[in-house]
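# Structural features, examined
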Amino acid sequence: MITHIVGNRPQFVKLAPLYHEFQKAGYQQNIIHSGQHYDENMSDVFFEELGIPAPYVNLAAGGGSHAQVTAKAMIGLEEELLDKKPELVILYGDTNTTLAGAVVASKLCIPIAHVEAGPRTHNRSNPEECNRVATDHLSDVLFCPDAVSLQNLQREGLGDAACVTGDIMYDTYLSIAGQAVQEDAQEEIIVMTWHRQENTADKARMESILNLVERLGSKIVCPLHPRTRKCLAQFGLLERAESIANLEIIEPVGYVEMVALMNRAKLILTDSGGVSKESSFAGAKCLFMLDLDVWEDLLREDWIHRVDPENEESVSEALRIAEGAKRVAPEDRPKYYGDGHAAAKIVQELISRKLI
């Protein structure tokens, strides 16, 4: 039995192609949902759209601090892994769910495969950085989305456990892109996602982001994360956000609709590491609202531009970039993340390492 442990949107997207690949090869597998994302629009819809079965259990670990979510997930995961006794646990990305799975499975001596291993921001104040470093060092095999991630792991002494497969999210993006048809496809927009604690924990920071949105001028469509909506309301800023003329706030969307939005975008404004990378799949350059070194190749190529909404010089540069933004043709997009067959490479690597 292979057990997949997931808990949020990007992990569902990464899970789908690998689940289907194992299914084709005849392996038994099950899915544990930590419940880290518990809003239906952030969770259930993804399983339906991506054609993967509902998890057999939801641990309802969502809500609370990092420690509370991780602890609740660990307690539930220990019980489930002791009961099901899988031969392999597969973890995805860098969430609290990922960390909880790594700690529990390693203590139960269950082999761990980590999908999207090796990215580094080189900043331990970023909670996801702590999660990904710990998970990589507890895992038995590490599947890297790009060459930079492999180099990071080699520097940490993990090279023998690691290999480059390409980015599994690209597998899913390619499978969905043809379905993602939307009306008004001729209108180019700015797509915004906004959820990180660094950008939602402080009223002044949230105000600066709203100021940036207003000054960008172009139509911006933002599927608003439930936590961001809650923080805006707590700080008395939700009414102001809803009154910005060029900002269209919508409910969280499934992956098909998100791909459709990105495929209309001339620019993507985000604080999500995953979405900043997906921008290169969709052909829209990215303004990244955190001072973190995500996806070094895309930063070096000036595909991702960091913007500090509280710094006028940085905002002025962002406005200049936005003014000239336009969609990039497929043949001119960055090609750092494989060929869309990461899932097949992962299965073959697990077979060759005798882990399945």
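Refer to the preceding data block for the structure.
A few points on the structure. (Residues numbered from 1 in each chain as written. Predicted model: local features only at pLDDT ≥ 70, side-chain atom pairs only at ≥ 80, totals over all residues. Heavy atoms only, no water.)

### So, the overall build of the protein chain
Tallying secondary structure elements over the protein chain gives 15 helices and 13 strands in all. Relative to the compact-globule value of 21 Å for 356 residues, the protein chain shows a C-alpha radius of gyration of 20 Å, a close match. Based on the C-alpha atoms only, the size of the protein chain along its principal axes is roughly 55 × 45 × 40 Å. Classification of the 356 residues of the protein chain by burial places 58% in the buried group. Across the protein chain, every contact between residues at least 6 apart in sequence was considered, and the portion connecting residues at least 24 apart equals 70%. Entry remark: accessible area of the protein chain is about 14,700 Å², with carbon and sulfur atoms responsible for 48%. (Helix = DSSP H or I, 4+ residues; strand = E, 2+ residues; numbered from the N terminus. Rg over C-alpha atoms; globule rule 2.2 N^0.38 Å. Buried < 20%, exposed > 50% of the residue type's maximum accessible area, 1.4 Å probe, protein only. Contact = heavy atoms within 4.5 Å. Areas by Shrake-Rupley, 256 points an atom, 1.4 Å probe, with all protein chains shown as cover.)

### So, the sheet that holds strand 11 (residues 265-270)
The strand order across the open sheet formed by six strands is 10-9-8-11-12-13, and the pairing between neighbours is parallel. At either margin of the open sheet sits one strand with a lone partner, and together these are strand 10 (247-250) and strand 13 (304-306). The average angle at which neighbouring strand axes cross in this sheet is 20°, direction not considered. As defined by bridge partners, strand 12 (residues 285-288) adjoins strand 13 across three bridges and the pair is classed as parallel. Among the inter-strand pairings, cysteine 286 is bridged to a residue of strand 13, identified as isoleucine 304. (Pairing = 2+ DSSP bridges. Axes fitted to C-alpha atoms, helices over the stretch in contact; angles between N-to-C directions.)

### A word on the packing of helix 8 (residues 203-216) against helix 14 (residues 312-323)
Contact geometry for helix 8 and helix 14: axes closest at 10 Å, N-to-C directions at 35°. By crossing handedness, the relation of helix 8 to helix 14 is classed as right-handed. Judged by residue contacts, Leu212, Arg215 and Leu216 of helix 8 engage Glu312, Val315, Ala318, Leu319 and Ala322 from helix 14. Considered class by class, the residues forming the contact of helix 8 with helix 14 number six nonpolar, no polar and two charged. (Left-handed = near helix turned anticlockwise from the far one by under 90°. Nonpolar A, V, L, I, M, F, W, Y, C, P; charged D, E, K, R; others polar.)

### Digging into the pairing of strand 11
Walk down a regular strand and you will see the side chains alternate between the two sheet faces. Burial of strand 11 is extensive: six of the six residues sit out of reach of the surface. In this structure, strand 8 (residues 189-192) lies alongside strand 11, joined through four bridges in parallel fashion. Note that in strand 11 the partner of isoleucine 190 across the bridge is leucine 267. In this fold, strand 11 hands off to helix 12 (residues 273-282), which returns the chain to strand 12; that crossover is right-handed. (Right-handed = clockwise from strand over helix to strand, strands pointing away.)

### With respect to the packing of aromatic side chains
Taken as a whole and assessed by the stated rule, the structure comprises seven aromatic pairs. An angle of 75° between the planes, with centres 6.4 Å apart, marks the rings of phenylalanine 281 and tyrosine 337 as edge-to-face. Of the two residues, phenylalanine 281 is situated in helix 12 and tyrosine 337 in the loop between helix 14 and helix 15 (342-352); the sequence distance between them amounts to 56 residues. Across the pair, exposure class does not vary: phenylalanine 281 and tyrosine 337 are buried alike. Where tyrosine 336 meets tyrosine 337, the ring centres are 6.2 Å apart and the plane angle is 75°; that geometry is what we call edge-to-face. Ring-pair connections join several aromatic residues into one group, and the members of that group are Tyr170, Tyr173, Phe281, Trp295, Tyr336 and Tyr337. (Phe/Tyr/Trp six-rings, centres within 6.5 Å; stacked < 30°, edge-to-face > 60°.)

### Here's the deal with the pattern of salt bridges
Counted according to the given criterion, the structure contains 25 salt bridges. Residue glutamate 116 is joined to lysine 14 by a salt bridge in which the shortest nitrogen-to-oxygen separation is 3.2 Å. Here lysine 14 lies in helix 1 (residues 9-25) and glutamate 116 lies in the loop between strand 5 (112-115) and helix 5 (127-138), a separation of 102 residues in the sequence. The pair formed by glutamate 116 and lysine 14 is uniform in burial state, with each residue classed as buried. A salt bridge links arginine 196 to glutamate 198; its shortest N-O distance comes to 3.8 Å. We classify arginine 196 as buried; its relative accessible area is 8%. A relative accessible area of 28% places glutamate 198 in the partly exposed class. Here the residues in one salt-bridge network are Lys14, Glu116, Asp167 and Lys277, joined through shared partners. (Salt bridge = Lys/Arg side-chain N within 4 Å of Asp/Glu carboxyl O.)

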